[in-house]
Amino acid sequence: MPSKEEYLKAEAKNLGFLLSGITNPTPPQHFAEFLQWIQGGYHAEMSYLSRPDTLTKRQDPTRLLNSVKSILVLGFPYRPLKRPLPDEKSLTPGISAYAMGPDYHDVIPEKIKLLIKNFQKETGLQFEWQSFTDSAPIMEHDLAVRAGLGWIGKNSLLLNKSLGSYFFLAEVFLSLELEPDKITTADYCGPCTLCIDACPTQAVRDNRTIDARKCLSYLTIEKKGQIPAEYRNSLEESVFGCDICQQVCPWNQSRLENDPFEPLFLPDSNLQGLSIKEELSLSTHDFKQKYQHSPILRAKRNGYLRNLCVWAGNSTQRKLIPILELIYHQEKNALIREHARWALDKLQGMI
């Protein structure tokens, strides 16, 4: 008869979680490094990361569930995409691979609910539990390493030999005593620095952390104001997120050829080959309707059209000048107008 740990992991796998491991709720090993990162200002304008209350919770997982005795860490794969690298030109704006399907915040929690329901029904065990899917102040990479899921790569992402880095992480806090898995101690990055070298804005630091102030994912998703002028020329591929440091990673190459994926996260055909003109024409209502179940909604219309304008300026497609002029003269939002002006100047050779 399988142990409760074996049954829990087997049921997780049946539900699409190809990675699962168990650890305990002791303080994270790398909290001091996280604090140094915050103190260095590398979190940019993400002030929620530096709030005293969230720092306290990151340092002590029991603050999220007082009765927690074990933490189940889960990895759920999504499909990687073959997108152009910085030295290649794309004719259409791209979306980061993780955002090509439905919002993982909606899909994964429902699967975890089913996992716990099935586990409790099979074992007869009753316990408190709470799950998190990128929704709480947790040092999830630290927990994942302790649970044996992989190692932290030089691009700061969690890497696994089988799945590379193309997977979502989730955590289930349990008031149930479970046997923890062995910590991953090996580092399989070796001397490779491809992710560091490929980053167009030098956002990947040499200590396995990211300078969010330079990161294209941050600039196109989290940043609410202007994209700094010095980084706009680097926004030549994606208008939401960035996969460059994942694309070049050798551990992700096999995923491009032999990909185990969950059908729920198949890329939405509506997001492939986006029409730049149609996207630039989206009203607030149309944007919300189109992306209501997508992570892209996080950028909001203002941020998304800001990104589209920058991409258009870098595209060398002079046929976009009329629509950019229309946006510059008629758009109510000053942020979008400013970036449309920049795009016009770029396409007309003025900058």
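Here the structure is shown first, and the text comes after it.
Small disclaimer: the values here were computed from a predicted structure and weren't measured.

Participant: Tell me about the sheet that holds strand β4 (residues 129-132), residues and numbers included.
Facilitator: Taken in spatial order, the 4 strands line up as β1-β2-β7-β4 in an open sheet, and their pairing is antiparallel. Of all the strands in the sheet, just β1 (19-23) and β4 have a single pairing partner and so form its edges. If you compare each strand with its neighbour and ignore which way they point, the axes differ by 20° on average. Pairing of β4 with strand β7 (residues 167-174), which is carried by 4 bridges, proceeds in the antiparallel orientation. Residue pairing across strands places W129 opposite L174, the latter belonging to β7. Relative to β1, helix α1 (residues 4-14) is tilted by about 150°, and along the sheet it contacts β1, β2 (70-77) and β7. Strands β2, β4 and β7 of the sheet are contacted by helix α4 (residues 104-123), whose axis makes an angle of about 40° with β7.

Participant: Can you break down the nonpolar core residue by residue, with the values?
Facilitator: In terms of nonpolar packing, the biggest core is built from 64 residues, with I95, L174, I296, Y304 and L324 touching the most fellow members. Look past the residues within four positions of I95 in its chain and what remains in contact with it is L81, M100, S238, V239, F240, L274, I296 and Y304. Within the second largest apolar cluster, 22 residues are counted, among which are Y42, L49, M139 and I210.

Participant: Run through the side chain of S175, naming residues and quoting values.
Facilitator: Looking at the secondary structure, you find S175 in the loop between β7 and α6 (194-198). Since its relative accessible area comes to 18%, S175 is described here as buried. Polar contacts involving the side chain of S175 include one to the main-chain amide nitrogen of E128, which spans 2.7 Å. Apart from the residues lying within four places of it in its own chain, the contact partners of S175 are S67, V68, K69, F127 and E128.

Participant: I'd like to hear about the pattern of salt bridges, residue by residue, with values.
Facilitator: Scanning the entire structure with this criterion turns up 13 salt bridges. Its salt-bridge partner being R146, residue D142 comes within 3.5 Å of it at the nearest N-O pair. Of this pair, D142 and R146 are both found in helix α5 (residues 140-146), 4 residues apart, which corresponds to roughly one turn of the helix. Accessibility expressed as a relative area gives 4% for D142, which makes it buried.

Participant: Describe the pairing of β1, naming the residues involved and giving the relevant values.
Facilitator: Most of β1 is tucked away: 4 of the 5 residues are buried. Two elements, β1 and β2, share 5 bridges in a ladder whose sense is antiparallel. The residue bridging L19 from the neighbouring strand is G75, located in β2.

Participant: So what's going on with the environment of D187? Which residues, and what values?
Facilitator: In this fold, D187 is placed in the loop between β7 and α6. For D187, a relative accessible area of 40% gives the class partly exposed. The spacing of D187 and K161 is 26 residues in sequence and 11 Å in space, taken between C-alpha atoms. Those residues within four positions of D187 in sequence are excluded, and the remaining contacts are W151 and R208. In terms of polar contacts, D187 uses its side chain to reach the backbone amide nitrogen of C189, at 3.0 Å. In this structure the side chain of D187 is engaged in a polar contact, spanning 2.6 Å, whose partner is the side chain of R208.

Participant: Go over the packing of aromatic side chains, please, and point to the residues and values.
Facilitator: One pass over the full model with this rule turns up 19 aromatic pairs. With a centroid separation of 6.1 Å and an interplanar angle of 25°, the aromatic rings of Y7 and F119 are classed as stacked. Taken together, the positions of Y7 in helix α1 and F119 in helix α4 put the pair 112 residues apart, joining distant regions of the chain. For the ring pair Y98 and F240, a centre distance of 6.2 Å and an interplane angle of 40° mean the geometry is tilted. Here F240 lies in strand β8 (residues 238-240) and Y98 lies in the loop between β3 (94-95) and α4, a separation of 142 residues in the sequence. A network of ring pairs unites the aromatic residues F17, F76, Y78, Y98, Y104, Y166, F168, F240 and F265 as a single cluster. Directly above the aromatic system of Y188 lies the positively charged group of K161, at a separation of 4.0 Å from the ring centroid.

Participant: Describe α1, listing the residues and the values that go with them.
Facilitator: Every buried residue of α1 is accounted for by E5, Y7, L8, E11 and A12. Buried residues of α1 fall within an arc of 165° about the axis and therefore sit on the same side. In α1, those exposed residues whose orientation departs by more than 90 degrees from the buried face are K13 and N14. After α1 finishes, the residue G16 shows a positive phi value of roughly 105°.

Definitions and cut-offs
- Residues numbered from 1 in each chain as written.
- Predicted model: local features only at pLDDT ≥ 70, side-chain atom pairs only at ≥ 80, totals over all residues.
- Heavy atoms only, no water.
- Pairing = 2+ DSSP bridges.
- Helix = DSSP H or I, 4+ residues; strand = E, 2+ residues; numbered from the N terminus.
- Axes fitted to C-alpha atoms, helices over the stretch in contact; angles between N-to-C directions.
- Contact = heavy atoms within 4.5 Å.
- Core = buried A, V, L, I, M, F, W, Y, C linked by side-chain atoms within 4.5 Å.
- Buried < 20%, exposed > 50% of the residue type's maximum accessible area, 1.4 Å probe, protein only.
- Polar contact = N/O pair within 3.5 Å; in protein donor to acceptor, adjacent residues only side chain to side chain.
- Salt bridge = Lys/Arg side-chain N within 4 Å of Asp/Glu carboxyl O.
- Phe/Tyr/Trp six-rings, centres within 6.5 Å; stacked < 30°, edge-to-face > 60°.
- Lys NZ or Arg CZ within 6 Å of the ring centre and 35° of its normal.
- Arc of directions from axis to C-beta.

Nothing here speaks to function; it is geometry throughout.
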